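# Observations on the three-dimensional arrangement
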Amino acid sequence: MDIAYSPCPNDTFVFDAWAHGRVPGAPPLDVTFADIDITNGMAERGEGTVLKVSYAVLPWVLDEYALLPCGGALGRGCGPLVLTRDTAGGGTAKPEELAGRTVAVPSERSTAYLLFRLWAADRVPGGVGEVVVLPFHEIMPAVRDGAVDAGLVIHEARFTYQDYGLVKLADMGEHWEETTGLPIPLGAIVAKRSLGAETLGRLADAARASVRMAWDDPEASRPYVREHAQEMDPSVADRHIGLYVNEFTADLGPDGYAAVRGLLTRAAAEGLVPPIAPGALDFPAAG
């Protein structure tokens, strides 16, 4: 079974047991590592059987792919940040300072981008100026060097931005949670609907078992996490896992589904994504 997910610690932690054949009865995996902007594009082109994608891309792919009810990333206190330079020297910045300014984002087909646009519509009078798409590892240096006025960052950047002399202008997750009371939907696991309900159910069971095995024996996943975490400090990797792997990874549950529907409904109302059909998020039931 081919699968593509990112080399980030949360994904390698979740899929370690399954990828290494330790989940009884699970189909063997042929793993491709790719950043989420790559897997989003794969899903839009119908490439790949199982993919880790952004929830923001679902409106374009749900005809061909089913959302698995587990294995993804939702949470609280884990939202993307908008960063800027500390020009005033006080270690703070205000949302209105972003009006008409240039902002770097990692993708326009990302949950981070949808959360940013929903926040900006609510908090930035007149709206932001130009939006520039950059690879996420280039965003903080671009803000630091003055190439852009602000940057939208994700993942471990929330732990390291102060190393670049940057300050937090706003936390997109805080805004989302304050206005909805729901967790933040970030990354989803999708699989081809053509596999059929029975196989999709087996995949969901395998993903759920894999994450539970990782929780039961965290040390078992460390070599896999470390191998693909590039230069990331092990303590940052641990914090990354702790933030993005939680009860919603094992099962979306009512709050998880409500968060996904809420995000996509709000984004569609703002004209950011196409509306999704009723029932499109429902997991196919085996008959």
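You'll find the structure just up there.
Residues numbered from 1 in each chain as written. Predicted model: local features only at pLDDT ≥ 70, side-chain atom pairs only at ≥ 80, totals over all residues. Heavy atoms only, no water.

The next thing to look at is the sheet that holds strand E6 (residues 81-85). Either a parallel or an antiparallel arrangement is found when strands of a sheet pair, and the pairing is made through backbone hydrogen bonds. Here 5 strands make up an open sheet; going across it, the order is E8-E7-E9-E6-E10 and the pairing mixed. Sheet topology places strand E8 (131-133) and strand E10 (166-171) at the edges, where each strand pairs with a single neighbour. On average, each strand axis in the sheet is tilted by 30 degrees relative to the strand beside it, whichever way the strands run. Summarising the sheet, strand E7 (residues 103-105) and strand E9 (residues 150-153) pair through 2 bridges and their orientation is parallel. When the bridges of E9 are listed, Ala104 appears paired with Gly151. Relative to E9, helix H5 (residues 136-144) is tilted by about 160 degrees, and along the sheet it contacts E6, E7, E9 and E10. (Pairing = 2+ DSSP bridges. Helix = DSSP H or I, 4+ residues; strand = E, 2+ residues; numbered from the N terminus. Axes fitted to C-alpha atoms, helices over the stretch in contact; angles between N-to-C directions. Contact = heavy atoms within 4.5 Å.)

Scanning all chains against the criterion turns up 14 salt bridges. A salt bridge links Asp11 to Lys52; its shortest N-O distance comes to 2.5 Å. With a gap of 41 residues between them, Asp11 in helix H1 (residues 9-19) and Lys52 in strand E3 (residues 50-54) connect regions that are remote in the sequence. Both residues of the pair, Asp11 and Lys52, belong to the buried class. In this structure, Glu177 and Arg76 form a salt bridge, with 3.7 Å as the shortest nitrogen-oxygen distance. Of this pair, Glu177 sits in helix H7 (residues 172-180) while Arg76 sits in the loop between strand E5 (73-75) and E6, placing them 101 residues apart in sequence. With relative accessibility at 22%, the residue Glu177 sits in the partly exposed group. (Salt bridge = Lys/Arg side-chain N within 4 Å of Asp/Glu carboxyl O. Buried < 20%, exposed > 50% of the residue type's maximum accessible area, 1.4 Å probe, protein only.)

Here we take up the pairing of strand E11 (residues 184-192). Taken across its 9 residues, E11 has 9 buried, putting it largely inside the fold. Relative to E11, E3 runs antiparallel, the two sharing 5 bridges. Looking at the pairing, Val50 lines up with Ala191 of E11. As paired strands, E5 and E11 are joined by 3 bridges and run antiparallel to one another. Bridging across to E11, Leu74 finds its partner in Pro185.

What follows deals with the nonpolar core. One finds Tyr55, Leu58, Val82, Leu98, Phe116 and Trp119 to be the most contacted residues of the largest nonpolar core, which totals 55 residues. If one sorts the elements of this core by residue count, helix H4 (residues 111-123) sits on top with 8 residues. Here Trp119 is in contact with Val82, Pro95, Leu98, Val124, Leu169, Ala170, Met172 and His175, once residues within four sequence places are set aside. Formed by 32 residues, the second largest nonpolar core is a distinct cluster that contains Val23, Ala204, Val211 and Ala250. (Core = buried A, V, L, I, M, F, W, Y, C linked by side-chain atoms within 4.5 Å.)

With their axes 7 Å apart at the nearest point, H1 and helix H8 (residues 197-216) run at an angle of 110 degrees to one another. Judged by the inter-axis angle, H1 sits roughly perpendicular to H8. Touching Phe13, Val14, Phe15, Asp16, Ala17 and Trp18 of H1 are Leu203, Ala206, Ala207, Ser210, Val211, Met213, Ala214 and Trp215, all from H8. Across the contact of H1 with H8, the residue classes tally to 12 nonpolar, 1 polar and 1 charged. (Parallel < 35°, antiparallel > 145°, perpendicular 65-115°, else oblique. Nonpolar A, V, L, I, M, F, W, Y, C, P; charged D, E, K, R; others polar.)

The next point concerns the packing of aromatic side chains. Per the stated rule, a full pass over the model turns up 6 aromatic pairs. The interplanar angle of 45 degrees and the centroid separation of 6.5 Å between the aromatic rings of Tyr113 and Phe116 together place this pair among those described as tilted. Within this pair, Tyr113 and its partner Phe116 are both found in helix H4, separated by 3 residues, close to a single helical turn. Per residue, the accessibility class of Tyr113 equals that of Phe116, and both read buried. (Phe/Tyr/Trp six-rings, centres within 6.5 Å; stacked < 30°, edge-to-face > 60°.)

Listed in full, the buried residues belonging to helix H9 (residues 218-228) are Ser221, Tyr224, Val225 and His228. Along the axis of H9, the buried residues cluster in a sector spanning 100 degrees; they form a single face. In this structure, H9 carries Glu219, Pro223, Arg226 and Glu227 as exposed residues pointing more than 90 degrees from its buried face. Check the buried side of H9 and you find it contacts strand E1 (2-5), H1, strand E2 (30-33) and helix H10 (234-244). Phi turns positive, to about 55 degrees, at Gln230, one or two residues after H9. (Arc of directions from axis to C-beta.)

Any functional reading would require information that these geometric values do not contain.
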